[in-house]
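One-letter residues, chain by chain:
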Amino acid sequence: MSPVNSVPLPPTDRPSGPAVEGLVSLADGRRGLCGVIASVGAAPLASDAVLADELERRLLEMGFVEGARVEILHEGFIGRDPICVRLDDMRVALRRREARGVMVRTDPRP
Amino acid sequence: MTPSATTAPGPMTPTGPAADALRVALVGNPNSGKTALFNALTGSRQKVANYAGVTVERKEGLVISPSGRRTVVLDLPGTYSLRARSPDEVVTRDAVLGHLAGEVPPDVVICVADATNLRLVLRLALELKAVGRPAVLALNMVDIAQRQGLDIDTDRLSAELGMPVIGTVATRRRGISELVTAVEARAEADAAADAETGRPQSGGHGWTEPSAAEIRHLHREAERILKACVRPPRRPDTWTGRMDDVLLHPVWGIAILLGILFVMFQAVFAGAKPVMDLITAGFDALSALVAQRLPEGLLRSLICEGIIAGVGSVVVFLPQILILFLFIILLEDVGYMARAAFLLDRIMGGAGLHGRAFIPLLSSFACAIPGIMATRVIDNRRDRLTTILVAPLMTCSARIPVYTLIISAFVPARQVLGGLSLQGLVFFGLYAAGMLSALAVAWAVRKVFWRSASEPFLMELPAYKVPDPANVLRNVALRGHIFLRRAGTTILSMMVLIWFLCTVPGKPAGAAGPAIDYSFAGVIGHAIGPLLAPIGFSWQMTVALIPGMAAREVAVGALGTVYAVSGGEESSRVLGASLAHQWSLASALAFLAWYVFAPQCASTLAVVKRETNSWRWPLIMFGYMTGLAYLAAFIVYRTAVAMGAG
């Protein structure tokens with residue numbers, strides 16, 4: 001498997017707050033992550049087959065658009081991959097490497 | 001289209017009684033109930049074929065409008081956008097744009113929407129509007145929307161989209177005649193506009209693939225329309241979330257999935273058995289009956305052993321195919337198939353297979369024919385072809401009689417490793433060899449043919465729904481019909497060809513030895529004998545491989561024919577004893593290794609031809625499987641000889 005797949009989950013010893021002011025890649029999120037999509041971009045190592053631009057368009061067509069609400073509902077049982085997210089009022093499954101370019105502004109913690 | 005000043009849509013319009021037939025195409029997202037709507041519109045007046053040169057299924061049906069006008073409905077593959085990403089979606093795009101070779105451009109496009117899930121289909125509707133072809137939006141499943149308390153302002157929606165909006169419930173045939181009337185009115189308005197301006201209004205001229213920025217723009221527009229026309233549900237569906245909590249659970253989800261797969265496999269493997277036995281017995285009886293009426297000779301042989309046995313060998317697959325597709329269509333309609341793919345993605349992905357490849361491969365343990373037909377659950381062409389190529393490596397039930405014959409004749413019935421049966425171990429080893437080689441071949445196919453390309457896994461998980469029994473049955477029957485009509489004819493002609501090779505020319509009067517020796521099969525067997533000698537096959541074994549192409553289990557009977565052991569309950573045991581005398585252990589093991597890999601099944605090749613719509617893939621399959629079989633038999637034979645079993 002490619003190194004992208006050995007998901008770089010946020011290490012647990014780090015404070016759980018994301019690195020850049022509430023902004024986290026959907027690929028690094030854990031179950032329960034809630035927020036609004038801040039940007040959908042070409043993720044560098046996104047996928048070997050489809051060009052980054054193609055992946056961006058596929059994500060957009062599936063509804064991963066700036067301003068959409070996302071929540072990670074389920075994680076796969078091997079390597080927590082793929083993930084199932086609530087996207088506005090739909091449910092979508094995708095692999096973490098495909099989710100890398102989706103940046104999420106997480107909801108402020110209560 | 002010709003810019004003529006007539007109302008006729010173009011030069012490709014058929015003339016004669018069908019000249020005024022309206023052409024309508026159904027476009028919609030996957031899971032929008034598009035097929036159910038197609039069934040509701042056309043009933044049983046459907047035709048299924050393939051588009052020229054591609055594996056995409058073409059479904060067409062006929063509906064007579066309330067005013068008596070004939071309307072031809074084309075069910076296009078589901079898509080999220082006109083920006084095609086797969087061969088199926090290319091067909092949808094080209095059909096809508098009017099670019100599809102051999103296809104009359106549709107007069108009207110029906111955009112099918114799931115009323116409870118409008119966001120993405122509104123963007124698709126806007127894309128269709130931009131193309132300029134007259135369109136009607138069918139707001140399907142409005143009953144579920146009403147139950148959820150979802151308010152849709154259809155007048156406003158119609159004004160925003162610039163197309164009529166009709167609420168339908170395809171499974172109850174509600175709104176169908178309203179839809180047909182709206183389509184007809186739309187077509188007439190368009191034709192009138194054409195006549196007025198002197199040129200066709202509709203057409204796919206100047207369509208270009210939208211860029212990321214354009215998709216964002218269209219999505220924002222769809223979002224605005226959604227906010228303006230739809231009030232969110234007062235009683236949203238909470239069942240889907242609650243069921244997913246269990247069905248996608250890391251432990252329970254997997255346990256339930258395995259349970260479902262186990263039941264399905266049992267039903268295909270064991271449930272179909274009595275019916276298959278009945279079919280076999282029926283055709284045997286018919287053959288015997290005909291044999292009594294006809295004088296002995298080539299004609300009797302052709303009818304009894306060629307045609308009747310050949311038709312029997314086609315029909316015998318039906319029970320497995322119908323049972324398997326009943327499960328697949330139920331799981332698909334309930335909405336579970338996408339969940340199964342989610343759960344299995346990482347397991348199958350390691351070998352470069354799609355999560356959905358699991359069901360076809362599991363079914364192939366019963367028989368590769370339904371397994372290969374089941375690969376239609378995989379949308380992506382490459383993933384589908386990879387799965388088709390490896391499916392026959394799964395140990396199908398037809399190999400069991402061959403394995404049993406050889407193992408019981410050559411492997412001593414003793415216990416090893418503290419209580420394990422040696423025969424059982426060899427049996428298990430053969431199964432394991434099939435599975436492991438399938439994974440290895442899938443991995444290699446990805447490297448060789450697709451240059452490691454892997455498709456993104458990005459899939460909507462639809463809301464769970466109660467399937468409509470009438471729709472399920474209609475779709476299962478459709479699969480059986482397609483198998484009989486398309487694969488059946490190829491299988492039958494191959495069976496007759498094999499019969500011909502094994503029967504003609506006949507045995508000369510007073511000649512010694514079995515008749516097959518004097519036939520073309522005997523000639524071929526003797527000719528390729530030297531090629532197979534290095535893997536320890538005698539010429540008798542080589543000759544038996546040719547009738548054995550009819551089906552794997554036929555090899556047992558074929559060996560019986562070659563060694564002139566025939567008839568009776570005891571024949572298998574007698575044959576085993578006879579083989580134990582004539583073959584060395586090394587040859588027997590090589591024969592087993594050969595049967596793990598060899599493409600000894602003409603029906604499988606015929607089905608691959610039908611499913612891929614070309615001879616290329618069955619030839620590749622035949623080549624690689626023969627190569628693997630030769631290699632494996634060679635290694636096994638040489639190793640065994642070196643260890644003194646020659």
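Residues numbered from 1 in each chain as written. Chains lettered and ligands numbered in written order. Predicted model: local features only at pLDDT ≥ 70, side-chain atom pairs only at ≥ 80, totals over all residues. Heavy atoms only, no water.

*Asks:* What is the right way to read a nonpolar patch on the surface from this model?
*Replies:* Residue and element names in this part refer to chain B. A cluster of nonpolar residues, Leu497, Phe500, Phe520, Ile524, Ile528 and Leu531, forms a patch on the protein surface that exposes about 520 Å² of accessible area. Put simply, the parts of the chain that give the nonpolar patch at least two residues each are helix H19 (469–503) and helix H20 (520–532). Looking at which element gives the most residues to the nonpolar patch, the answer is H20, with four residues. Inspection of the secondary structure assignment puts leucine 497 in helix H19. (Patch = residues over 30% accessible without salt bridge, like charges linked within 9 Å, V, L, I, M, F, W, Y side chains within 5 Å. Areas by Shrake-Rupley, 256 points an atom, 1.4 Å probe, with all protein chains shown as cover. Salt bridge = Lys/Arg side-chain N within 4 Å of Asp/Glu carboxyl O. Helix = DSSP H or I, 4+ residues; strand = E, 2+ residues; numbered from the N terminus.)

*Asks:* Which parts of the structure should I look at to understand the packing of helix H12 (residues 318–334) of chain B against H19 of chain B?
*Replies:* Relative placement of two packed helices is described by the angle separating their axes and the distance separating the axes. Residues and elements named next belong to chain B. In the contact formed by H12 and H19, the axes pass within 9 Å of each other and the chain directions differ by 140°. Judged on the interaxial angle alone, H19 and H12 are oblique. Pair H12 / H19 crosses with right-handed handedness. Here Leu318, Ile321, Leu322, Phe325, Leu326, Ile329, Leu330 and Asp333 of H12 come into contact with H19, specifically with Val472, Asn475, Val476, Arg479, Gly480, Phe483 and Leu484. Partitioning the contact of H12 with H19 into residue classes produces eleven nonpolar, two polar and two charged. (Axes fitted to C-alpha atoms, helices over the stretch in contact; angles between N-to-C directions. Parallel < 35°, antiparallel > 145°, perpendicular 65-115°, else oblique. Left-handed = near helix turned anticlockwise from the far one by under 90°. Contact = heavy atoms within 4.5 Å. Nonpolar A, V, L, I, M, F, W, Y, C, P; charged D, E, K, R; others polar.)

*Asks:* Honestly, the confidence of the model for chain B in this entry has me stumped. Any pointers?
*Replies:* Detailed reading of the predicted coordinates is not advisable wherever pLDDT falls low. Per-residue pLDDT for chain B has a mean of 87; in total, 93% of the residues score no lower than 70. Counted against residues more than four places away or in other chains, residues 1–18 of chain B, with its pLDDT under 50, gives 19 contacts. (pLDDT = per-residue confidence, 0-100.)

*Asks:* Looking at this structure, I do not really get the interface of chain A and chain B. What am I missing?
*Replies:* Counting from both sides, the interface comprises 40 residues of chain A and, opposite them, 39 residues of chain B. Taking the shortest distance from any N to any O, the salt bridge between glutamate 209 of chain B and arginine 57 of chain A comes out at 3.3 Å. For the side of chain A that touches chain B, the secondary-structure elements that each account for two or more residues are helix H1 (52–61), strand S3 (69–78), strand S4 (81–87), strand S5 (90–94) and helix H2 (96–99) of chain A. By residue number, the principal contributor to the side of chain A that touches chain B is H1 of chain A, which donates eight residues.

*Asks:* Teacher, can you tell me more about the sheet that holds strand S5 (residues 108–114) of chain B here?
*Replies:* The strands making up a sheet associate through backbone hydrogen bonding, with each pair oriented either parallel or antiparallel. All names here are of chain B. Spatial strand order, S2-S3-S4-S1-S5-S6-S8: seven strands in an open sheet with mixed pairing. Each edge of the open sheet carries a strand with a single partner, namely strand S2 (46–50) and strand S8 (165–167). Across the sheet, the mean angle separating the axes of adjacent strands is 25° when strand polarity is ignored. When strand S6 (residues 135–140) meets S8, the two strands line up parallel, connected through three bridges. (Pairing = 2+ DSSP bridges.)

*Asks:* In this structure, what is going on with the nonpolar core? I would like to understand it.
*Replies:* A general tendency of soluble globular proteins is for nonpolar side chains to be buried together. Residue and element names in this part refer to chain B. With 126 residues, the main nonpolar core has Phe483, Trp583, Phe591 and Trp594 as its most contacted residues. Here the element with the most residues in this core is helix H24 (residues 585–597); it accounts for ten residues. What phenylalanine 483 contacts, discounting residues up to four positions off in sequence, is Val314, Phe317, Leu318, Ile321, Ile369, Met373, Gly488, Ile491 and Val607. If you look at the next biggest cluster of nonpolar residues, it comprises 42 residues, including Leu76, Val109, Val121 and Val131. (Core = buried A, V, L, I, M, F, W, Y, C linked by side-chain atoms within 4.5 Å. Buried < 20%, exposed > 50% of the residue type's maximum accessible area, 1.4 Å probe, protein only.)

*Asks:* Teacher, can you tell me more about the pattern of salt bridges here?
*Replies:* When the charged atoms of two side chains lie near each other, side chains of opposite charge can form a pair. All names here are of chain A. For the structure shown, the criterion picks out 43 salt bridges over all chains. Among the salt bridges present, the one from arginine 86 reaches glutamate 71, with a minimum N-O distance of 3.5 Å. Taken together, the positions of arginine 86 in strand S4 and glutamate 71 in strand S3 put the pair 15 residues apart, joining distant regions of the chain. Residue glutamate 71 is classed as partly exposed on the basis of its relative accessible area of 23%.

*Asks:* Could you clarify how one ought to interpret the sheet that holds strand S1 (residues 23–25) of chain A in this entry?
*Replies:* In spatial order, the strands read S1(A)-S6(A)-S2(A)-S3(A)-S4(A)-S5(A)-S12(B); together these seven strands make up an open sheet with antiparallel pairing. Each edge of the open sheet carries a strand with a single partner, namely S1 of chain A together with strand S12 (458–460) of chain B. Between one strand axis and the next, the sheet turns by 40° as a mean value, whatever way the strands run. Bridge analysis of S1 of chain A against strand S6 (residues 102–106) of chain A gives three bridges, and the strand direction is antiparallel. Within S6 of chain A, the residue paired with leucine 23 of chain A across the bridge is arginine 105 of chain A. With respect to the sheet, helix H13 (residues 336–349) of chain B is in contact with S3, S4 and S5 of chain A together with S12 of chain B, its orientation differing from that of S3 of chain A by roughly 55°.

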